Every structure is written in structure tokens, then in C-alpha cells.
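# Chain and residue survey
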Amino acid sequence: MDRSKLWPLTQSFELVKGNAADVAQAVYNEIFRYTNESGIVLEEFKASSLGDIILSETILTNIPTKICIMPSKTLWSIIWVNSFLCDGYDSLSYNLTRLYKFDTFRFSSHDALTTFLPGSSFTYRYNHNDNIIQRTVQAYLDDNDKWKFFQKGNPCDFEFPETYNDRIIKNRLNEKQINRIFDKIGINPWNEEYFDFNRMSY
């Protein structure tokens, strides 16, 4: 995948641990529950690449109006939404964990200025006995041109906490570190080899 052709539309994804068909049905149920609109449609389609999906989307909106769920060759499914903010859909991930008990990993990462100031963040959630366990880490440039670092929750096995002590805050979590985390959890939406376009997307 040539990320430069899709950037910054691929700076944020929601990753959901589950079969794409099951995730798609949960997303449909959740959007219908939230909006109660009869015009919501769940469709399956065959794509040959991530570019096919993203570049064919000619209308980008503030609040997402299209949610694409793509299968991978791993235990995870990949969600992309058509928001021109390119910041994913965190509340959807939250409810997929809260109501449907999927593990979710949502992230945004861009080392340069895009639709937002430079920064990286991730939130991992899982459901334990109907309680959401959440881990969030952020390193970002604020409106005062100061780098800030934030973390909440217990560190996960896929993290590299030694980097959080780096004197240079922007190095604590950035595109490179997010890629290292992808390697640990076994799914990388920035690498098309992980996608399984022999199966249906939604």
C-alpha cells in the first residue's frame, strides 16, 4: 500500500477483534439503536484493495455516514469511516466493547500536521464481566505548541513502556511506535498484506 496516496485518510482506524461479518452486524445494530433510522443499510461487497474502498468514497462528512468493515488474515477486523476529520469513530469502538463484548483497539497517528496537530494516541478496550477495561496513551502537540503526554490504565503486553520515559515527548508515541505495537498485536492496517480481500467486506 502506498500510504502517501491515501494519507491522511488512513491515519486512524478502529480495530475490532472478531469476524468481519459478526462485527458488521454489531455495527449495524449499534447504529440503528443509536439513530433509529430505517434508511440504514448493511451491504456486503468485494474489494481488491484498501485504495479501492477509500478512493471510491467521493463524499466525506463530519459525522461519518459510511462505515466500512474489512476482513483481515488475523483475528481482527478493520473499520474505516468516511469522516473528513480522519479521526475514526471512538464512541463506536466504545459501544462495540460495552454492548457486544468485542476487544477494540482504536488509534490515530501522524507525525506531521494533517487534519489535526501532530500526535499519536491509542485506546485499547475489553469487556470483563460487563466492565470495560481501558488503556489509553497519548503524545500530542497542543494549541500552545507544547508537547504533552498522557496515559491512563494499566499497561498492556503489546506496549513498549520504556519509550514513555524518552526526554523528547514526541518520541514516546509516534508512527514508528504505533507500528511496533501493530507487530505485537498481529494486525497492521497500514500494511495491506494483513487484509483479506478474498473475503467479503461490509
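Before reading further, recall that the structure is shown in the block above.
Read on for an overview of the structure. (Residues numbered from 1 in each chain as written. Predicted model: local features only at pLDDT ≥ 70, side-chain atom pairs only at ≥ 80, totals over all residues. Heavy atoms only, no water.)

### Quick look at the pairing of strand β6 (residues 131-141)
Summarising the sheet, strand β5 (residues 119-128) and β6 pair through ten bridges and their orientation is antiparallel. Of the residues in β6, the one forming a bridge with Thr 123 is Thr 136. When β6 meets strand β7 (residues 147-152), the two strands line up antiparallel, connected through six bridges. Among the inter-strand pairings, Val 137 is bridged to a residue of β7, identified as Gln 151. Between β6 and β7, which pair antiparallel and follow one another directly, the connecting turn spans five residues, one of which, Asp 145, has a positive phi of 65 degrees. (Pairing = 2+ DSSP bridges. Helix = DSSP H or I, 4+ residues; strand = E, 2+ residues; numbered from the N terminus.)

### Re helix α5 (residues 175-185)
For α5, the set of buried residues is Glu 175, Gln 177, Ile 178, Ile 181, Phe 182 and Ile 185. What you see down the axis of α5 is that its buried residues fit within an arc of 160 degrees, all on one side. Away from its buried face, by an angle of more than 90 degrees, α5 presents the exposed residues Lys 176 and Asp 183. Measuring from the side-chain oxygen of the N-cap residue of α5 to the backbone nitrogen of Lys 176 gives 3.2 Å; that N-cap residue is Asn 174. Downstream of α5 by a residue or two, Gly 186 has a phi angle that is positive, lying close to 85 degrees. (Buried < 20%, exposed > 50% of the residue type's maximum accessible area, 1.4 Å probe, protein only. Arc of directions from axis to C-beta. Polar contact = N/O pair within 3.5 Å; in protein donor to acceptor, adjacent residues only side chain to side chain.)

### Observations regarding the sheet that holds strand β2 (residues 67-71)
Sheets are built from strands that pair by backbone hydrogen bonding, the pairs being arranged parallel or antiparallel. Pairing is antiparallel in the open sheet, where seven strands are placed in the order β2-β3-β1-β4-β5-β6-β7. The open sheet has two edge strands, β2 and β7, and neither has a second partner. Going across the sheet, the axis of each strand differs from the next one's by a mean of 15 degrees, ignoring polarity. Lying over the sheet, helix α4 (residues 90-98) contacts β1 (12-17), β2, β3 (76-81), β4 (104-110), β5 and β6, oriented at roughly 20 degrees with respect to β5. (Axes fitted to C-alpha atoms, helices over the stretch in contact; angles between N-to-C directions. Contact = heavy atoms within 4.5 Å.)

### Quick look at the pattern of salt bridges
Evaluation of the coordinates by the stated rule reveals nine salt bridges. Its salt-bridge partner being Glu 14, residue Arg 106 comes within 3.5 Å of it at the nearest N-O pair. Highlighted residues: Arg 106 in strand β4 and Glu 14 in strand β1, separated in sequence by 92 residues. Between Asp 130 and Lys 101 there is a salt bridge, and its shortest N-O distance comes to 2.9 Å. Taken together, the residues span a long stretch of sequence, with Asp 130 in the loop between β5 and β6 and Lys 101 in the loop between α4 and β4 at a distance of 29 residues. By relative accessible area, which is 57% here, Asp 130 ends up exposed. (Salt bridge = Lys/Arg side-chain N within 4 Å of Asp/Glu carboxyl O.)

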